[in-house]
Amino acid sequence: MAERSEALQGWRLPVLVVLGVLLLAGPPLLTSYWVGLLTQAVILAILAMSLDLLLGYTGLPSLGHAAIFGVAAYGVAVLSTRYQLGFWTCVAGGILAGTLLSALLGLIVSHVRDVYFLMITLALGMVLWGLSYRWIPMTGGDNGLSGIPSLEAHAGLPFSGPIAFYYVALFVFAVSGALMAVLVRSPFGLTLCGIRESEPRMRSLGYNTWLHCYLSYVLAGAFASVSGVVWAYYNSFVSPTYLDLTASSELFLMVTLGGPATLIGPVVGAGVIVLLKNVISAYTARWLLILGIVYIVAILAAPKGLWNLRRGRS
Amino acid sequence: MADVVPALVLERVSRRFGGLTAVNAVSLVVQPGERHALIGPNGAGKTTLFNLISGELRATDGRVRLFGEDVTSLPPHTRAARGIARTFQITRLFPQLSVLENVLLGCQALDGRKFTMYRRLLSHADLVEKAEALITRFGLAGLGGERAKNLSYGDQRKLEVALSMAGQPRLLLLDEPMAGLSSVESRSMQAILQKIDASIAVLLIEHDMDMAFAFAERVTVLAQGSVLVTGHKDEVGANRAVQEIYLGTTGEGSGA
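For the structure given in this document, a descriptive report is provided here. (Residues numbered from 1 in each chain as written. Chains lettered and ligands numbered in written order. Predicted model: local features only at pLDDT ≥ 70, side-chain atom pairs only at ≥ 80, totals over all residues. Heavy atoms only, no water.)

## Quick look at the interface of chain B and chain A
In this assembly, 40 residues from chain B lie in contact with 33 residues from chain A. Buried area between chain B and chain A, summed over both chains or domains, comes out near 3,200 Å², and the portion from carbon and sulfur atoms is 64%. Inspection of the chain B/chain A interface yields 1 salt bridge. For the salt bridge of R201 of chain A with E160 of chain B, the shortest nitrogen-to-oxygen distance reads 2.3 Å. The tally of links between chain B and chain A comes to 15 residue pairs in polar contact (both at pLDDT 80 or more). (Contact = heavy atoms within 4.5 Å. Buried area = accessible area lost by both parts, 1.4 Å probe. Salt bridge = Lys/Arg side-chain N within 4 Å of Asp/Glu carboxyl O. Polar contact = N/O pair within 3.5 Å; in protein donor to acceptor, adjacent residues only side chain to side chain.)

Set out below in structure tokens:
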């Protein structure tokens, strides 16, 4: 199929190989600072890919996706620090919290499209952010929740340290990425693309498009929750900033900058944003200003995203 | 014919937009396998009537029955599941997807496997075969990998019809399939339409009278939202009011 065979044309395959080698073999050779950045990029890449299911494949622009991710992270934090529950309970609880929340919100948001979808997800995201900020007895409010046990200790792994954590995150990333890659090539994945391209036509062909949009939203929420759980363990701390509009916008930027509907693009986007954010923050506090400029340049130079650069006409 | 369940029955179907009555108390019966043309001047309400039949619009008044079942309040996708398919006057394809993917979307639309998430689409060999057969049948062989938006207009119109046929409908609504085609393309489209299985009822909107009368045995003329006349094409062709509408004859006894 056209889209698939083009996927790895030209410079993409070598770049992919270099990235793969870097992700697999790089960390033992890097300083802990860079291992940290790579870990962040890998965890957020899961989140960016999950938004790609919605934004790139289904054509539903969510500006509240970070809220789902944040709720899953809070799930882990609350269960592990307030209730001292075991590792797998916390993991399952975090994923379940985010997924059930998506299943609930999906009932509302799946009715609207385009800019209305953007606005309603933005509004719901803000509500959840407000909740994390104000429900102090549960969330700790502005202070957040700290003291999440280290993943290695909590899971009883025989190894520990930043590099060990990195490989755990990489494993979760690889499994999630593979699942999503299968999903987008399945009949269901094509259905999502069809809805993005022409929803009225899909309806007249016999698709209950509401149901497919709903499923897409819940699945994206489930993968976002996986990312949130790993993120909570990585930072051993959660705060309302995980859910805020800035987080959702950065995430949106990862997908659009990297190249929507490619899955790989958002991974690249996540890497670029994490890198820029950390490098630029070392020099200036005006990170968002730089981010805005990057976005404008990207839209002008690569309107379809980095991964679609020089894909030629089509 | 008495005991055959009609493919489509419209019972005094109306649709009002505010103060405007676009479709006014239209009644119509289409038998299984019938070739029925719907003609009328611009703004007569033909496409609105199609939207009421396929479910894009809900009727303000009246009933729509498909194969004996009242579908008046059903949405488009459940009507499609009951055997109805349509094309659009303004081409509605999936522009960024390949021709094969376009047709596959039609083929899997009424198949439970559209919910499959864990298996590659292309590993469903029967779906792919069916889609490729349709592509060949509609004269698009060799274009399967091309994106729909890169096709010529004529090929897009063919794909439009191929897409509607993919779900194996029993009632097909064709909204001006010939519109905008060159005479060569138009002839090849006519050949395609002639080959539509005789068991499928076809309701065709067409501006070209010759084409409409060549294709259909029954003709309904719509004017200002109402049925002006309906019947066998010979009766309709001989009807004075119809001739006035199409030939612009002025005179007494206008039925419009």
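Alright, that's what it looks like, and here's the rest.
## As for the nonpolar core
Membership of the largest hydrophobic core comes to 139 residues, with the highest contact counts inside it found for F173, Y233 and V238 of chain A together with L193 of chain B. The dominant element in this core, judged by the number of residues it contributes, is helix α3 (residues 32-58) of chain A, at 17 residues. Among residues more than four places away in sequence, those in contact with V238 of chain A are A73, Y74, A77, G144, L145, I148 and A232 of chain A. By size, the runner-up hydrophobic cluster in this structure holds 26 residues, among which are L10, A44, L49 and L173 of chain B. (Core = buried A, V, L, I, M, F, W, Y, C linked by side-chain atoms within 4.5 Å. Buried < 20%, exposed > 50% of the residue type's maximum accessible area, 1.4 Å probe, protein only. Helix = DSSP H or I, 4+ residues; strand = E, 2+ residues; numbered from the N terminus.)

## Topic: the sheet that holds strand β1 (residues 8-17) of chain B
All names here are of chain B. Taken together, the 4 strands give an open sheet; going across it, the order is β2-β1-β4-β5, and neighbouring strands pair in antiparallel fashion. If you trace the sheet from one side to the other, it starts and ends with β2 (20-30) and β5 (69-70), each paired once. The sheet contact formed by β1 and strand β4 (residues 61-66) spans 5 bridges and is antiparallel. Bridge pairing in β4 places L10 opposite V64. Lying over the sheet, helix α1 (residues 46-54) contacts β1, β2 and β4, oriented at roughly 120° with respect to β1. (Pairing = 2+ DSSP bridges. Axes fitted to C-alpha atoms, helices over the stretch in contact; angles between N-to-C directions.)

## Overview of the packing of α3 of chain A against helix α12 (residues 209-235) of chain A
Residue and element names in this part refer to chain A. Across the interface, α3 lies against α12 with an axial gap of 9 Å and an inter-helix angle of 170°. In this view, α3 runs roughly antiparallel relative to α12, as classed from their interaxial angle. The segment α3 lies against α12, with G36, T39, Q40, I43, L44, I46, L47, S50, L53, L54 and T58 engaging C213, S216, Y217, A220, F223, A224, S227, V230, W231 and Y234. Among the residues forming the contact of α3 with α12, the class breakdown is 14 nonpolar, 7 polar and no charged. (Parallel < 35°, antiparallel > 145°, perpendicular 65-115°, else oblique. Nonpolar A, V, L, I, M, F, W, Y, C, P; charged D, E, K, R; others polar.)

## Here's the deal with the sheet that holds strand β10 (residues 226-232) of chain B
All names here are of chain B. Ordered in space as β6-β7-β8-β3-β9-β10, the 6 strands form an open sheet in which the pairing is mixed. Edge strands, defined here as strands with exactly one partner in the open sheet, are β6 (84-86) and β10. Adjacent strand axes in the sheet meet at a mean angle of 15°, parallel and antiparallel pairs treated alike. As paired elements, strand β3 (residues 35-39) and strand β9 (residues 218-223) share 4 bridges and run parallel to each other. If you follow A37 over to β9, its bridge partner there is V219.

## A word on the environment of A178 of chain A
Tracing the backbone through its elements, the reader meets A178 of chain A in helix α9 (residues 162-185). Sequence spacing of A178 of chain A and W231 of chain A is 53 residues, and the spatial spacing of their C-alpha atoms is 19 Å.

## Concerning the packing of helix α5 (residues 87-109) of chain A against helix α6 (residues 114-134) of chain A
Residue and element names in this part refer to chain A. The N-to-C vectors of α5 and α6 enclose an angle of 140°; their axes lie 11 Å apart at closest approach. Of the possible angle classes, the one that applies to α5 and α6 is oblique. Crossing hand, α5 versus α6: right-handed. Facing α5, whose interface residues are L101, L105, I108 and V109, α6 presents F117, I120, T121, L124 and L128. Here the residues of the contact of α5 with α6 are counted per class, giving 8 nonpolar, 1 polar and no charged. (Left-handed = near helix turned anticlockwise from the far one by under 90°.)

## Section: the pattern of salt bridges
Evaluation of the coordinates by the stated rule reveals 15 salt bridges over all chains. Across the salt bridge formed by D175 of chain B and R86 of chain B, the nearest N and O atoms sit 3.9 Å from each other. Pair noted here: D175 of chain B is in strand β7 (residues 171-175) and R86 of chain B is in strand β6, with a separation of 89 residues, a long-range link. When sorted by exposure, D175 of chain B lands in the same class as R86 of chain B, which is buried. Within the structure, one salt-bridge network assembled from shared partners comprises R113, E199 and R203 of chain A.

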